[in-house]
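Structure assessment
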Amino acid sequence: MAEYIPSTRDWVREQVELYEGSGGTDGTTLRDTGLPVIIVTNRGNQTGAVRKTPLMRVKDGNNYVLVGSQGGAPKNPVWVYNLRADNDVEVRDETNVYTMRVREVQDDAERTRLWDIAVEAFPPYAEYQNRTTRKIPVFVAEPA
């Protein structure tokens, strides 16, 4: 198994440690918002190391919608490039852990439908898209 390299961002590292350290019973919401998050585990596209990222929990049936917003920053978050390079991930949703495969959504109709679900789950996504000129990437994680 590859080495796990924690995030250099304190809040991300702390959230992952709390979430996983509790077995998925603590740290399951985004800071003080009360909104649910999942932990996505994937491989770094350059290092091959294990990476773990808390993302908003957006569900579409048995699938998870992963939104590469990074708060509307001009560049994609690093995990977007990781998923483009290796589409096998693990999703931890509270105490449940799923082996999944991701795909980037290219079809406009599907993307619009999933984007609407994501904005309903986490309304700031709409504002984030307005902050940036890039088209925020949307992925679907499906049971492997």
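In this report, the structure presented in the accompanying data block is examined. (Residues numbered from 1 in each chain as written. Predicted model: local features only at pLDDT ≥ 70, side-chain atom pairs only at ≥ 80, totals over all residues. Heavy atoms only, no water.)

**With respect to the nonpolar core**
In this structure, Met56, Val67 and Tyr125 are the most contacted members of the largest nonpolar core, which totals 19 residues. Contributing elements (two or more residues each) for this core: helix 1 (10–21), strand 1 (37–43), strand 4 (63–67), helix 3 (108–121), helix 4 (124–131) and strand 7 (138–143). Of the residues forming this core, the biggest block, three residues, is contributed by helix 3. Residues within four places of methionine 56 in sequence aside, it is in contact with Leu30, Leu35, Pro36, Val37, Ile38, Val65, Phe122 and Tyr125. Tyr64, Leu66, Val91 and Ala141 belong to the second largest nonpolar core, which has 14 residues in total. (Core = buried A, V, L, I, M, F, W, Y, C linked by side-chain atoms within 4.5 Å. Buried < 20%, exposed > 50% of the residue type's maximum accessible area, 1.4 Å probe, protein only. Helix = DSSP H or I, 4+ residues; strand = E, 2+ residues; numbered from the N terminus. Contact = heavy atoms within 4.5 Å.)

**Structural notes on the pairing of strand 4**
The buried fraction of strand 4 amounts to five of the five residues, a majority that puts the element mostly inside the structure. In strand 4, alternate side chains face the same way, and those of Asn63, Val65 and Val67 on one face and Tyr64 and Leu66 on the other are all buried. Pairing geometry for strand 3 (residues 59–60) and strand 4, over two bridges, is antiparallel. Bridge assignment links lysine 59 to a residue of strand 4, and that residue is tyrosine 64. The turn linking strand 3 back onto strand 4 is made up of two residues, and glycine 61 within it adopts a positive phi angle of 65 degrees. (Pairing = 2+ DSSP bridges.)

**As for the pairing of strand 1**
When you tally the buried positions in strand 1, you get six out of seven residues, the bulk of the element. Note: strand 1 against strand 2 (residues 50–56), seven bridges, orientation antiparallel. Bridge pairing in strand 2 places isoleucine 39 opposite proline 54. Here three bridges tie strand 1 to strand 5 (residues 88–93), and the two strands are oriented antiparallel to one another. Note that in strand 5 the partner of isoleucine 39 across the bridge is arginine 92.

**Side note on the side chain of threonine 28**
Tracing the backbone shows threonine 28 in the loop between helix 1 and strand 1. The contact partners of threonine 28, leaving out residues within four places of it in the chain, are Gln15, Tyr19, Leu35, Pro36, Val37 and Glu94.

On their own, these measurements won't tell you what the molecule is for.
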